[in-house]
Amino acid sequence: MSKGKSTPLGRVRNHGAAAEGTGHFVGQRVSAIALLILATWFVLSAALTMDGPTYLAAIDFLVSPVNAVGVILLVMVALYHMRIGMGEVINDYIARPFTKVVLLLLNALVPLVIAAGALFAVLLVNFGA
Amino acid sequence: MAGATRPERPLSPHVSIWRWHVTMATSILHRVTGVALYGGMILFCFWLMAVAAGPEAYEPFGAFLAGPIGQIGLYLIVAAFAYHLANGVRHLVFDTGNGLKPADAETTAWFAILFAVAAPIGLWALVTFGG
């Protein structure tokens with residue numbers, strides 16, 4: 001299809017939607033499969049190796065390299081997955097445009113900030129003074 | 001047509017006349033547990049930050065988690081996770097085009113609910129009595 005004769009608006013319209021309609025669909029399922037392993041691993045290994053929610057038990061758990069890498073992966077993949085899911089819930093149930101946009105913005109920012117804090121925390125436990 | 005009463009138009013099936021079925025519950029529960037796990041994940045990240053902040057900063061967090069509200073909360077998060085996991089697998093199977101017959105979907109729906117009830121009890125028993 002030649003685009004030579006169409007107006008700028010026509011060209012934009014020809015692109016249809018943002019052309020990424022299946023991106024979230026695929027991402028949500030790939031991250032679901034990853035979380036199937038990561039989250040199950042964390043729940044079982046934390047419940048079975050940690051002796052209660054004490055400070056020392058937490059440090060002991062997080063200084064193991066395998067556990068540290070596992071927790072970092074868990075946080076990143078889970079925050080990606082829950083952001084897509086919450087985005088769907090907001091789009092489905094929030095009708096007021098202003099509220100919807102505010103919530104979608106929060107949903108875009110909060111997981112990012114939380115993830116940065118959590119990853120820095122795991123690194124600090126392992127390499128901090 | 002002036003003054004004629006409008007004939008009653010048929011309405012599409014609506015909330016009040018829908019027969020309750022279990023696959024409806026699993027769909028709603030998937031979203032509810034998803035939103036709950038969103039909160040749980042944020043708390044988990046705060047827990048990591050509290051650990052990194054040192055023993056004094058961690059103390060109130062640890063005391064809360066060890067207390068009754070914290071323990072019930074952890075139990076409920078495990079239950080929500082178990083449900084979201086089982087029903088998530090169900091949805092992955094649905095995506096392949098399998099398990100969509102009403103009878104099959106209802107059987108697996110009950111299985112997901114059963115798993116959500118059994119898994120946290122099993123984990124709690126394993127932690128408490130497993131050594």
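Notes on the structure in this doc start here.

What counts as what
- Residues numbered from 1 in each chain as written.
- Chains lettered and ligands numbered in written order.
- Predicted model: local features only at pLDDT ≥ 70, side-chain atom pairs only at ≥ 80, totals over all residues.
- Heavy atoms only, no water.
- Helix = DSSP H or I, 4+ residues; strand = E, 2+ residues; numbered from the N terminus.
- Buried < 20%, exposed > 50% of the residue type's maximum accessible area, 1.4 Å probe, protein only.
- Polar contact = N/O pair within 3.5 Å; in protein donor to acceptor, adjacent residues only side chain to side chain.
- Contact = heavy atoms within 4.5 Å.
- Buried area = accessible area lost by both parts, 1.4 Å probe.
- Salt bridge = Lys/Arg side-chain N within 4 Å of Asp/Glu carboxyl O.
- Nonpolar A, V, L, I, M, F, W, Y, C, P; charged D, E, K, R; others polar.
- Expected span 1.5 Å × (residues − 1).
- Phe/Tyr/Trp six-rings, centres within 6.5 Å; stacked < 30°, edge-to-face > 60°.
- Core = buried A, V, L, I, M, F, W, Y, C linked by side-chain atoms within 4.5 Å.
- Patch = residues over 30% accessible without salt bridge, like charges linked within 9 Å, V, L, I, M, F, W, Y side chains within 5 Å.
- Areas by Shrake-Rupley, 256 points an atom, 1.4 Å probe, with all protein chains shown as cover.

1. Describing the side chain of T33 of chain B
Residue and element names in this part refer to chain B.
Next, step 1: Secondary-structure assignment places T33 in helix α1 (residues 22–52).
Next, step 2: Since its relative accessible area comes to 8%, T33 is described here as buried.
Next, step 3: Within the local environment of T33, its side chain forms a polar contact with the backbone oxygen of L29, the two atoms lying 2.7 Å apart.
Next, step 4: Sequence-distant contacts of T33, defined by excluding residues within four places in its chain, comprise A80, Y83 and H84.

2. Here we look at the interface of chain B and chain A
Next, step 1: Each partner contributes to the interface: chain B provides 29 residues, whereas chain A provides 41 residues.
Next, step 2: Surface buried jointly by chain B and chain A totals about 2,800 Å² across both partners, of which 83% is contributed by carbon and sulfur atoms.
Next, step 3: Linking chain B to chain A there are three salt bridges.
Next, step 4: Across the pair R29 of chain A and D95 of chain B runs a salt bridge, and its minimum N-O distance is 2.5 Å.
Next, step 5: Applying the counting criterion to the chain B and chain A interface returns five residue pairs in polar contact (both at pLDDT 80 or more).
Next, step 6: Of all the secondary structure elements, the ones that give two or more residues to the side of chain B that touches chain A are α1, α2 (55–66), α3 (68–95) and α4 (102–129) of chain B.
Next, step 7: It is α1 of chain B that contributes the most residues to the side of chain B that touches chain A, 13 residues altogether.
Next, step 8: The residue makeup of the side of chain B that touches chain A, split by class, is 24 nonpolar, three polar and two charged.

3. Focus on α4 of chain B
Next, step 1: Between its first and last C-alpha atoms α4 of chain B spans 40 Å; for 28 residues at 1.5 Å apiece the expected length is 40 Å, and the two agree.
Next, step 2: Within α4 of chain B the residues assigned to the buried category are A105, A109, A112, A116, P120 and L123 of chain B.
Next, step 3: Against the buried residues of α4 of chain B lie α2 (23–49) of chain A together with α1 and α3 of chain B.

4. With respect to the environment of I121 of chain B
All names here are of chain B.
Next, step 1: Here I121 is to be found in helix α4.
Next, step 2: By relative accessible area, which is 42% here, I121 ends up partly exposed.
Next, step 3: Sequence separation between I121 and V78 is 43 residues, and the spatial gap between their C-alpha atoms is 9.5 Å.

5. Observations concerning the packing of aromatic side chains
Next, step 1: Tallying each qualifying case throughout the model produces eight aromatic pairs over all chains.
Next, step 2: Where Y55 of chain A meets Y58 of chain B, the ring centres are 5.8 Å apart and the plane angle is 55 degrees; that geometry is what we call tilted. Residue Y55 of chain A is found in helix α3 (residues 55–62), and its partner Y58 of chain B is found in helix α2; the two belong to separate chains.
Next, step 3: Note on F44 of chain B and W47 of chain B: the rings are 5.8 Å apart at their centroids and 20 degrees apart in plane angle, and the pair reads as stacked. Of this pair, F44 of chain B and W47 of chain B both sit in helix α1, three residues apart, roughly one helical turn.
Next, step 4: The exposure class of F44 of chain B is buried, given its relative accessible area of 12%.

6. A word on the nonpolar core
Considering soluble globular proteins, one finds that nonpolar side chains tend to be buried as a cluster.
Next, step 1: Counting 42 residues, the largest nonpolar core has V71, L74 and V75 of chain A together with M41, F44, W47 and L48 of chain B as the members making the most contacts within it.
Next, step 2: Of all the elements in the fold, those that place two or more residues in this core are α2, α3, α4 (65–93) and α5 (97–127) of chain A together with α1, α2 and α3 of chain B.
Next, step 3: At 11 residues, α4 of chain A tops the list of elements feeding residues into this core.

7. Considerations on the side chain of H84 of chain B
Next, step 1: Mapped onto the elements, H84 of chain B comes out in helix α3.
Next, step 2: Here H84 of chain B falls in the buried class, since its relative accessible area comes to 18%.
Next, step 3: Of note is the side chain of H84 of chain B, whose polar atom sits 3.1 Å from the backbone oxygen of H30 of chain B.
Next, step 4: In this view, H84 of chain B contacts H81 of chain A together with H30, T33, G34 and L37 of chain B; residues no more than four positions away in its chain are not counted.

8. Section: a nonpolar patch on the surface
All names here are of chain B.
Next, step 1: Together, I72, Y75, L76, V117, I121, W124 and F129 give the surface a local cluster of nonpolar side chains, amounting to about 750 Å² of exposed area.
Next, step 2: For the nonpolar patch, the elements supplying multiple residues, two or more each, are α3 and α4.
Next, step 3: A total of four residues in the nonpolar patch trace back to one element, the largest contributor, which is α4.
Next, step 4: Counting through the fold element by element, W124 comes out in helix α4.
Next, step 5: For W124, a relative accessible area of 48% gives the class partly exposed.

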